[in-house]
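# Notes for the structure review
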Amino acid sequence: MTASLQMSFWQEQADSLYPRVSHVIPAMEWPAFSEDIAAILALKEKHNAVILAHNYQTPEIFHCVADVKGDSLALARKAQEVEADVIVMAGVAFMAETAKLLNPSKKVLLPSVEAGCSLADSITAADVRLLRARYPGIPVVTYVNTSADVKAESDICCTSGNARKVIESLGVEEVIMIPDEFLAQNVARETGVKIITWKGHCEVHERFTPEEIRQWRAAWPGLVVLAHPECPPEVVAEADYSGSTAGMSDFVASGKAGRVLLVTECSMSDNLAVEHPEVEFVRPCNLCPHMKHITLSAIRKALERMEVEVTVDASVADRARLSIERMLAV
Ligand code: 13P
Ligand code: SF4
């Protein structure tokens, strides 16, 4: 096949995806995406690459170029099973590091170095060592939204999807849970375990308030409210259900709600609207600026230039991997 025939093949493949997302992407916007999608499909084949996408990625990424999709837990689990030479993380830096820790021999690319996380930035390895010195003998449970350095100082990791199970698996009365104060408080209420917390917050979820939720309920009769556990406990208390992004997706898929408010990042509703056009999504939401650094054109450039490659320092990699593997074993 000549190069131009090949490109028209990939262009056709890309355009055949439009009906999938037509519910959330207006036809006039599609041409702005389709050329990058065609190029990405071709580059994935050329480099034997797979794209892992978090639920907060925009629909043209999530539904048109991603091979593996899900919450932080699913991405970590599936990163273990990936058969490819190259992994592109359509997510943020800690997710790319986790994929690298679980795939040391593969090339892992993060399309933007700006894709960080306010939770991961809130704590360092030195902070964890100080906590251990202050509370000797208390196990450290670390949210995956942290750097590999911090994971390396921890006993076990957790995600919002398995935090309760992980803590209960330790069979202790007290744990240190870092760095998300609100997730820790929400889990403490569910488990009854005493939790020493850290003052880290997700800049997306900390902005929601209980008053807003009461106002949305008053404005939208029959509204079912689903909140992420990174929200403050008083916001979670106003919700009908609280769970990870996968938990919220499963709740919507169960058909228990016709009109839904997702108290989380904006792209969640768009992605679920593609799969559940029968559900009405009420859209107040907050954008994650870090997740939004990942765009189709950034993914295309990452695959064209094979950058930015994610590496983890050998001095922390084994210990960090162990804390993730302990979590995956729970
Ligand atoms: P989950 O997808 O694990 O619920 O995490 C949400 C999040 O904020 C990831 O950055
Ligand atoms: Fe971090 Fe919050 Fe953005 Fe997730 S949504 S990457 S926790 S800042």
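Residues numbered from 1 in each chain as written. Chains lettered and ligands numbered in written order. Predicted model: local features only at pLDDT ≥ 70, side-chain atom pairs only at ≥ 80, totals over all residues. Heavy atoms only, no water.

### Examining the pairing of strand β11 (residues 259-263)
In plain terms, the rule: When accessible area is computed with a 1.4 Å probe and restricted to protein chains, residues below 20% of their type maximum are described as buried, those above 50% as exposed, and intermediate ones as partly exposed. The way it works is that DSSP assigns letters per residue, a run of H or I at least four long becomes a helix, a run of E at least two long becomes a strand, and they are numbered from the N terminus. Should DSSP find at least two bridges between two strands, the strands are taken to pair. By convention, orient the strands away from the viewer: a clockwise path from the first strand over the helix to the second makes the crossover right-handed.
Of all 5 residues in β11, 4 are buried; the element is thus mostly enclosed. Bridging between strand β9 (residues 224-227) and β11 involves 4 bridges; their strand directions are parallel. Opposite A227, over in β11, you have V263 as the bridge partner. When β11 meets strand β12 (residues 280-282), the two strands line up parallel, connected through 3 bridges. Looking at β12, one finds that L261 is bridged to V282. Chirality of the crossover, the property in question, places the unit of β11, helix α14 (residues 267-275) and β12 among those that are right-handed.

### Examining the site of ligand 2
As a reminder, the rule being used: Definition of nearness: a residue and a molecule or strand are near each other if at least one heavy atom of the residue lies within 4 Å of the molecule or strand. Whether a set of points on the 1 Å grid over the protein atoms alone is a cavity depends on a 1.4 Å probe fitting there but being unable to get out, while an open set qualifies as a pocket with protein on both sides within 12 Å along at least five of seven lines; lining residues are those with an atom within 4 Å of a point. Any molecule with more than half of its atoms within 2 Å of a cavity's or pocket's grid points is counted as sitting in it. The classification used treats Ala, Val, Leu, Ile, Met, Phe, Trp, Tyr, Cys and Pro as nonpolar, Asp, Glu, Lys and Arg as charged, and all other residues, Gly among them, as polar.
Lining the immediate surroundings of ligand 2 are Y56, V92, C117, S118, L119, N145, C202, V204, E230, C288 and H290. According to the grid-proximity analysis, the pocket containing ligand 2 is the largest cavity. In terms of residue class, the shell around ligand 2 is built from 7 nonpolar, 3 polar and 1 charged.

### Let's talk about the environment of A237
Examined against the element boundaries, A237 turns out to sit in the loop between α12 (233-236) and β10 (241-242). It is 31 Å that separates the C-alpha atoms of A237 and T98, two residues lying 139 residues apart in sequence.

### Digging into the site of ligand 1
For clarity, the cut-off: Pairs of N or O atoms are called polar contacts if they sit within 3.5 Å, as long as, within protein, a hydrogen donor faces a hydrogen acceptor (for residues adjacent in sequence, only side-chain-to-side-chain pairs). Areas reported as accessible are Shrake-Rupley estimates using a 1.4 Å probe. Residue values count occlusion only from the protein chains shown.
Around ligand 1 there are 13 residues in total, and H54, S72, S160, H228 and T245 lie nearest to it. Within the side chain of S160, an N or O atom sits 2.9 Å from an oxygen atom of ligand 1. A distance of 3.2 Å is found between an oxygen atom of ligand 1 and a side-chain nitrogen or oxygen belonging to E230. Out of a free accessible area of 300 Å², ligand 1 has 96% covered by protein chains. Spatially, ligand 1 is embedded in the largest cavity. A per-class count over the shell around ligand 1 returns 4 nonpolar, 7 polar and 2 charged.

### Notes on the environment of L75
We count it as follows: Between two residues, a contact is recorded if the distance between any of their heavy atoms is within 4.5 Å.
By secondary structure assignment, the location of L75 is in helix α5 (residues 72-79). Between the alpha carbons of L75 and A227 there is a distance of 20 Å; along the sequence they are 152 residues apart. Apart from residues no more than four positions distant in its own chain, L75 is found in contact with L52, A53, H54, V68, K69, G70, M89 and M95.

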